[in-house]
Structures are given as structure tokens and as C-alpha cells.
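Residue-level structure breakdown
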Amino acid sequence: MLDPAVFGIHNSSVNLAANLVILFLVVVWLALVYWTYADARRRIGDPMLVGCATAASLFPFVGTIIYMIVRPPEYLDDVRERELEMQAAEARLAELGYHLCPHCDYEVEKDFLRCPSCMRKLKDPCRSCGKPLDPAWKICPFCEAEIGEQAPTATRRTRRRREVPLAEEATATSPVAADPRTTS
């Protein structure tokens, strides 16, 4: 029985070594195809791009090398974890009273009605007590006034001056009229 010669090699031990090298390269190539698929699934959210990366790795060794160059730098789980950490940090800062203007990202305090940087309106004042109100509130927590109703008008009592007739007022303030010698 004749062994088929690889690359025209007729020596059985050298032929065996060449067959083992070829087998090793095929196994490494298949492993790289699987690794590319598994890595792309962890790094890329779009299934179509995962399929394209896997198809590119079917070109022996070159496709996997190209994928390694252009692949996203971090895993999807790491991206999601970082976003959750950012949300948690923003929530902690909000609890501490650290707020940003939604228009210009300038640091504002929670009781500011307007942003000092961009001058945009942040909150409306209560019509009765003037404290800043959150737009979602239905009642002012400070004075218990309903947000939709008008503030009660303050009634001030005005002092009434004694009405003095014009003739009396003119004689009371005139120096000539006050002097009795000037009367005829």
C-alpha cells in the first residue's frame, strides 16, 4: 500500500511530519474561526457584523488578523458596566445636591430658578411663596398651594389721609396767611 506523498515527499517520516504540520495548521485555523466568532459576539452587538467578522476569518489566518486590528476595544459587558457606574455616580451626585443645567451643563444648585451661565429657565417659582418648584409637582411642598391655582392676593389696608379742603391747606402752609398782621 502506497501512502500519498505530500509535496512530493516519499520519505515516510518526513511525510508524516508534513501531514502533522498541515493538520496542526487546519486545527489552528478552525480554532481561530471559532475564536473570532466568540470574540465578535462579546464585542459587537449587531448579529450581521458578527457574521461578517466570522466570514472574514474563513480566509486562513489573514481574516482573523484583520479582525483583530479593526475589532472594538472593549467587551459589551464592560461598556454596559461602565454606563451603569456612570448612572450610579450621577445619582450619588444628585443626592449630594450637585446638579447640571440641562442646556449648557453648567453646575447649578437645586434651588436656582435660572442658569447663571446660559440664563435659561430651570424651574418656576411658586406663585404664593416664591420657592422653586419641580415641574412634576402638583402642590407646593413649602406653602401647600396648588400649582395650577393663582396665589391669593394680598389685601393691604391703605391709610386714608385726612382730606383737607384746598382752601384750608393753602392757608395752613402759606407764611403770609399765618401772620395775623398781614390781614386787612
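Residues numbered from 1 in each chain as written. Predicted model: local features only at pLDDT ≥ 70, side-chain atom pairs only at ≥ 80, totals over all residues. Heavy atoms only, no water.

1. Description of the packing of aromatic side chains
In this structure the tally under the stated criterion is 1 aromatic pair. With a centroid separation of 6.2 Å and 75° between ring planes, the pair formed by Trp 35 and Tyr 67 is classed as edge-to-face. Taken together, the positions of Trp 35 in helix H1 (residues 12–43) and Tyr 67 in helix H3 (residues 62–70) put the pair 32 residues apart, joining distant regions of the chain. Take Trp 35: its relative accessible area is 30%, and that puts it in the partly exposed class. A cation sits over an aromatic face here: Arg 43 above Tyr 75, 4.4 Å from the ring centre. Over the face of the ring belonging to Phe 142 we find Lys 131, whose NZ or CZ atom lies 5.0 Å from the ring centre. (Phe/Tyr/Trp six-rings, centres within 6.5 Å; stacked < 30°, edge-to-face > 60°. Helix = DSSP H or I, 4+ residues; strand = E, 2+ residues; numbered from the N terminus. Buried < 20%, exposed > 50% of the residue type's maximum accessible area, 1.4 Å probe, protein only. Lys NZ or Arg CZ within 6 Å of the ring centre and 35° of its normal.)

2. A look at H1
Look at H1: 46 Å from first C-alpha to last across 32 residues, which is about the 46 Å you get at 1.5 Å a residue. All buried positions along H1 are accounted for by Asn 15, Ala 18, Val 33, Thr 36, Asp 39, Ala 40 and Arg 43. Taken together, the buried residues of H1 touch helix H2 (47–56), H3 and helix H4 (76–95). (Expected span 1.5 Å × (residues − 1). Contact = heavy atoms within 4.5 Å.)

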